[in-house]
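Each chain, written out:
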Amino acid sequence: MNSPILQLLVLAGIAIFLVLRLRSVLGTREGFEKPPAPAPNDDRRRSARDFEVIEGGPDHDIIDHVAEDSDAAMALAAMKRIEPHFSVSEFLSGARGAYEMILMGFERGNIEDLRPFLADDVYQTFAEVVEQREQQGLTIEAEFIGVRELTLADATFDEGSRLAEISVRYVGELTSVVKDATGEVIEGSPTAVKRQKDVWTYARNMGSDDPNWQLVATDE
């Protein structure tokens, strides 16, 4: 056997060895293999566009609190057109704090500090009740437990005057004790939690420099 033939045989043997070695390491393409994902067609691209977020949809800051097609919803939307930064949720959060502040101020007879937050007629009514208690020698010791429920009951808006009114329904819990001039308890209990239901209406001229809402009416 001449030298060139011998060299070819040696090279062939090396090649066969390398092929077998690669098969043992990498394996073969047998069994299930996931086919390559097809390129998206026009219909699928069109469906994706159909699910894009559309601007100008319902304002959840409003419809989370009142029915979408209600008069109250339209009134709240009108308020926002005057003051785009106005938030119904933030208003209700403030109304929760206002309820405790005003209710406890009235119960304890400390209403002078509440004057900026009360309409004149509401302040006058509160002041008369507090004065009657003092004349009778009565004092009230009250502790606020919390607001059990708070919902937006109604909203109105006057386009001409820009007067906004929002009514809030509360269910509050507190303890209250009425004592006479001698300190004797004549009503209530320091341990009995009383549940109180109120509907309060707040008003403000939208677009004005004064950010405060005033309590303009109270009801049950």
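Residues numbered from 1 in each chain as written. Predicted model: local features only at pLDDT ≥ 70, side-chain atom pairs only at ≥ 80, totals over all residues. Heavy atoms only, no water.

As a further point, take the overall build of the chain. When its secondary structure is counted, the chain shows six helices and four strands. Reading the chain from its N end, one meets helices and strands in the order α-α-α-α-α-α-β-β-β-β. Residue burial in the chain is summarised as follows: out of 220 residues, 30% are buried. Long-range contacts, defined as pairs at least 24 residues apart, comprise 60% of the intrachain contacts of the chain with a sequence gap of at least 6. Roughly 15200 Å² of accessible area belongs to the chain as shown, and the carbon and sulfur atoms make up 53% of that amount. (Helix = DSSP H or I, 4+ residues; strand = E, 2+ residues; numbered from the N terminus. Buried < 20%, exposed > 50% of the residue type's maximum accessible area, 1.4 Å probe, protein only. Contact = heavy atoms within 4.5 Å. Areas by Shrake-Rupley, 256 points an atom, 1.4 Å probe, with all protein chains shown as cover.)

With that out of the way, let us pick up the pairing of strand β1 (residues 139–158). Where β1 and strand β2 (residues 163–179) come together, 17 bridges link them in antiparallel fashion. Note on β2: the bridge partner recorded for alanine 142 is serine 176. Between the end of β1 and the start of β2, which pair antiparallel, lie four residues, with arginine 162 showing a positive phi angle near 65°. (Pairing = 2+ DSSP bridges.)

Because an α-helix completes one turn every 3.6 residues, residues spaced three or four positions apart along the sequence face the same direction. Its 17 residues give helix α6 (residues 120–136) an end-to-end C-alpha distance of 25 Å, which sits within 8% of 24 Å, the value for a rise of 1.5 Å per residue. All of the buried residues in α6 are Val122, Tyr123, Phe126, Val130 and Arg133. Viewed end-on, α6 has its buried residues packed into an arc of 95°, placing them on one side of the element. Those residues of α6 that are exposed and angled more than 90 degrees off the buried face are Asp120, Gln135 and Gln136. Where α6 is buried, its residues meet α5 (88–108), β1 and β4 (214–219). One or two positions beyond α6, positive phi appears at glycine 137, with a value near 75°. (Expected span 1.5 Å × (residues − 1). Arc of directions from axis to C-beta.)

Here four strands make up an open sheet; going across it, the order is β1-β2-β3-β4 and the pairing antiparallel. Bordering the open sheet on either side are β1 and β4, each of which pairs with just one other strand. Direction aside, neighbouring strands of the sheet carry axes that sit 25° apart on average. With 16 bridges joining them, β2 and strand β3 (residues 185–205) adopt antiparallel strand pairing. From the neighbouring strand, glutamate 165 faces β3, where its bridge partner is alanine 203. The sheet contacts of α5 involve β1, β2, β3 and β4, and relative to β1 the element is tilted by about 140°. (Axes fitted to C-alpha atoms, helices over the stretch in contact; angles between N-to-C directions.)

On to the confidence of the model for the chain. Mean pLDDT over the chain: 83, with 75% of residues reaching 70 or higher. For residues 17–35, every residue scores under 50 in pLDDT, and the model assigns this stretch two contacts once sequence neighbours within four places are set aside. Within the model, the stretch residues 44–55 combines pLDDT values under 50 with one contact to residues more than four positions away or in other chains. (pLDDT = per-residue confidence, 0-100.)

Here the focus is helix α4 (residues 71–82). Look at α4: 17 Å from first C-alpha to last across twelve residues, which is about the 16 Å you get at 1.5 Å a residue. At its buried positions, α4 is contacted by α3 (60–63), α5, β1 and β2.

A few words now on the side chain of serine 87. With respect to the helices and strands, the residue serine 87 is situated in the loop between α4 and α5. At 3.1 Å, the side chain of serine 87 forms a polar contact with the backbone nitrogen of glutamate 90. (Polar contact = N/O pair within 3.5 Å; in protein donor to acceptor, adjacent residues only side chain to side chain.)

It is worth spelling out unusual backbone geometry at this point. Trans peptide bonds make up the majority, and among non-glycine residues the majority have a negative phi. Positive phi outside glycine occurs at arginine 162, with the angle close to 65°. Mapped onto the elements of the fold, arginine 162 is located in the loop between β1 and β2.

Two elements in contact, α5 and α6, have axes whose closest approach is 9 Å; the angle formed by their N-to-C orientations is 30°. Listed contacts from α6 to Ile102, Phe106 and Glu107 of α5 are Phe126, Val129, Val130 and Arg133.

Of all hydrophobic cores here, the largest spans 46 residues; its most connected members are Leu76, Met79, Ile166 and Tyr202. Where this core is concerned, the elements lending two or more residues are α4, α5, α6, β1, β2 and β3. When residues in this core are grouped by element, the largest group, ten residues, is from α5. In this structure leucine 76 touches Ile62, Val66, Phe86, Val88, Leu152, Ala155 and Ile166, once residues within four positions along its chain are discounted. (Core = buried A, V, L, I, M, F, W, Y, C linked by side-chain atoms within 4.5 Å.)

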